[in-house]
Amino acid sequence: MLGLAGLFIFTTTMTTALAVGPVVSNVRASQRAGTQLVDVYYDVADADSSALTVSVAVSTNGGAGYFTPGTSASGAVGAGVAPGSNKKIAWNAGVDLPAKLFSNVRVSVTASDDTAPSGMALIPAGSFTMGNTFSPSEGYSAELPLHTVYVSAFYMDKYDVTKAQWDSVYQWATNRPVEVRYSFDNVGSGKAANHPVQTIDWYDMVKWCNARSEKEGKVPAYYTTSAQTTVYRTGQINVDNNSVNWNSGYRLPTEAEWEKAARGGAAGQRFPWGNTITESQANYISGAGYMGSSTYDMSNTGYNPTFNDGVEPYTSPVGSFAPNGYGLYDMAGNVWQWCWDWYGSYGSTSQTDPRGPVSGSYPYRVFRGGSCGDYAFHCRTAFRSKGYLVDYSYMGFRSVLPPG
């Protein structure tokens, strides 16, 4: 039997280089004797950039699937890494890996010289396990079966879209020349400029993403038909997967993109930061013990007292709590976040960049993350919910953007 000194066996390392831009080479990984810490070394060169974004991914099955360590990885990883030799990442493998022994571990290091747009965070490419990794009795059957999903890199808003951000795009979109003018079902509500916008419907959010793209000179993502000739600007159109330009413009995250981003690079945790929750970490209703949540809900005050001003919804300013490993705020609580996908059942096979069922449980789309009006149970990263595409006071969203 191997003790801590033999917790992991690195039989293979993997060097990953981007085709254009930074080149990563000479990747090595070794465990520190008698600890659960793994040191990853690599070289990276780039002729025209002095600050790179470096990502590390780990496979425990010979490269069949990868996950990305989040806050458990430190050192020359993340944004602002300078090119050079013998760069070092320290990974606390004991945090991310529940088992004690793996015989074929591979490490992948990638680097990008793309700069994340203002207010957005890079979500690196990689695989993760999607669904409820705890006891099936802890959640709903819709959170299973567990399945491996590979998601390509993308950018995501660090914060829920605020009322101020919504208003800026809304005013621009609704005052354009009539032939390209946008119309929305709702003007949007928010308790303050820095609170999440809410009381808007799914159609409003999709059209707003298009307006944001056009306002910034980007090609929009959503169109009225699969021919992708008419930009979606008015009405309530159930845009399908073929009517989306997935390589341009702001859009809603797919459900898989949302869950990968919410997990922040950490594997198998209940929340974006760990396995318990308190009202110092998120804006939710605590202490109800709903669905057995008393085992992981460490607060017992009901509505978050910091934000309970007697006027519902009890939203909080975006960024009121610490971010997850990818630098995203409020991925649990505050307001629910709409996703792109129609609601449907999970499959057990591995997937790459899934975009949900073609039609799903019409007329329901997916929303995630819980809210200030919901319990710890609903704030779990694996929890899935669905709803009609109408306006709700506890519903918000954030945008994603493809790289390049």
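Rules used throughout
Residues numbered from 1 in each chain as written. Predicted model: local features only at pLDDT ≥ 70, side-chain atom pairs only at ≥ 80, totals over all residues. Heavy atoms only, no water. Helix = DSSP H or I, 4+ residues; strand = E, 2+ residues; numbered from the N terminus. Buried < 20%, exposed > 50% of the residue type's maximum accessible area, 1.4 Å probe, protein only. Contact = heavy atoms within 4.5 Å. Areas by Shrake-Rupley, 256 points an atom, 1.4 Å probe, with all protein chains shown as cover. Axes fitted to C-alpha atoms, helices over the stretch in contact; angles between N-to-C directions. Parallel < 35°, antiparallel > 145°, perpendicular 65-115°, else oblique. Nonpolar A, V, L, I, M, F, W, Y, C, P; charged D, E, K, R; others polar. Pairing = 2+ DSSP bridges. Phe/Tyr/Trp six-rings, centres within 6.5 Å; stacked < 30°, edge-to-face > 60°. Core = buried A, V, L, I, M, F, W, Y, C linked by side-chain atoms within 4.5 Å.

Caption draft 1: Layout of the overall build of the chain. For the chain, the count of helices and strands is 5 helices and 17 strands. Across the 404 residues in the chain, those meeting the buried criterion constitute 52%. Relative to all contacts within the chain whose residues are 6 or more apart in sequence, the contacts with residues 24 or more apart total 70%. Total accessible area computed for the chain in this model is approximately 16000 Å², and 51% of it derives from carbon and sulfur atoms.

Caption draft 2: How the structure looks around the side chain of H195. Tracing the backbone shows H195 in the loop between α2 (163-173) and α3 (202-215). In contact with H195, other than residues within four places in its own chain, are V161, T162, K163, T315, S316, P317 and V318.

Caption draft 3: Structural view of the packing of α2 against α3. Interhelical geometry of α2 versus α3 gives an angle of 75° and a closest axis separation of 9 Å. With respect to α3, the element α2 is oriented roughly perpendicular. Touching Q165, W166, S168, V169, Y170, W172 and A173 of α2 are D204, W208, A211, R212, E214 and K215, all from α3. Considering only residue class, the contact of α2 with α3 consists of 7 nonpolar, 2 polar and 4 charged.

Caption draft 4: Summary view of the sheet that holds strand β13 (residues 351-352). Strand order in the open sheet made by the 3 strands is β9-β10-β13, with mixed pairing throughout. On the outer flanks of this sheet lie β9 (126-130) and β13, each paired with one strand and no other. By the bridge criterion, 5 bridges tie β9 to strand β10 (residues 147-151) in an arrangement that is antiparallel. Note on β10: the bridge partner recorded for G126 is V151. Packed onto the sheet, helix α4 (residues 255-263) meets β9 and β10 and runs at close to 95° relative to β9.

Caption draft 5: Region of interest: the environment of A93. Among the structural elements, A93 can be located in helix α1 (residues 93-96). Assessed through its relative accessible area of 0%, A93 is described here as buried. Spatially, the C-alpha atoms of A93 and C209 are 38 Å apart, while their sequence positions differ by 116 residues.

Caption draft 6: Representation of the pairing of strand β14 (residues 365-368) within the structure. Judged by which residues are buried, β14 turns out to be covered on both faces: R365 and F367 on one side and V366 and R368 on the other are all buried. The pairing of strand β12 (residues 336-342) with β14 spans 3 bridges and is antiparallel. Opposite W338, over in β14, you have F367 as the bridge partner. Direction of pairing for β14 relative to strand β15 (residues 385-387): antiparallel, over a ladder of 3 bridges. Counterpart to V366 in the pairing with β15 is K386.

Caption draft 7: Representation of the packing of aromatic side chains in the model. Counted according to the given criterion, the structure contains 25 aromatic pairs. Look at W166 and F184: their rings are 5.7 Å apart centre to centre, the planes differ by 65°, and that puts the pair in the edge-to-face class. Of this pair, W166 sits in helix α2 while F184 sits in the loop between α2 and α3, placing them 18 residues apart in sequence. Each member of the pair W166 and F184 is classed as buried. Cluster of aromatic residues (ring-pair linked, three or more members): Y140, Y290, W336, W338, F367, Y375, F377 and F383.

Caption draft 8: Looking closely at unusual backbone geometry. In this chain, L144 is followed by P145 through a cis amide linkage whose omega measures 0°. The omega angle of the peptide bond from E312 to P313 is -5°, so this bond is cis rather than trans. By the secondary structure assignment, P313 is in the loop between α4 and β12. The phi dihedral of T199 is positive, around 60°, even though this residue is not glycine. Relative to the helices and strands, T199 is located in the loop between α2 and α3.

Caption draft 9: Local environment of the nonpolar core. With 50 residues, the main nonpolar core has W166, Y222, L252 and F397 as its most contacted residues. At the level of elements, β8 (120-123), α2, α3, β12 and α5 (376-379) are the ones that each hand at least two residues to this core. The biggest single contributor to this core is α3, with 7 residues. Not counting the four nearest positions on each side in its chain, F397 is found in contact with D160, V161, W166, V197, I200, M205, W208, C209, L252, W336, Q337 and W338.

Caption draft 10: Structural context of the sheet that holds strand β4 (residues 73-75). Reading across the sheet, the 4 strands line up as β1-β2-β6-β4 and stay open at both edges, with antiparallel pairing between neighbours. Two strands close off the open sheet at either side, each with one partner strand: β1 (23-31) and β4. Strand after strand, the sheet turns through a mean of 25° between neighbouring axes, direction not considered. Sheet analysis places β4 next to strand β6 (residues 84-92), joined by 3 bridges and oriented antiparallel. Opposite G75, over in β6, you have I89 as the bridge partner.

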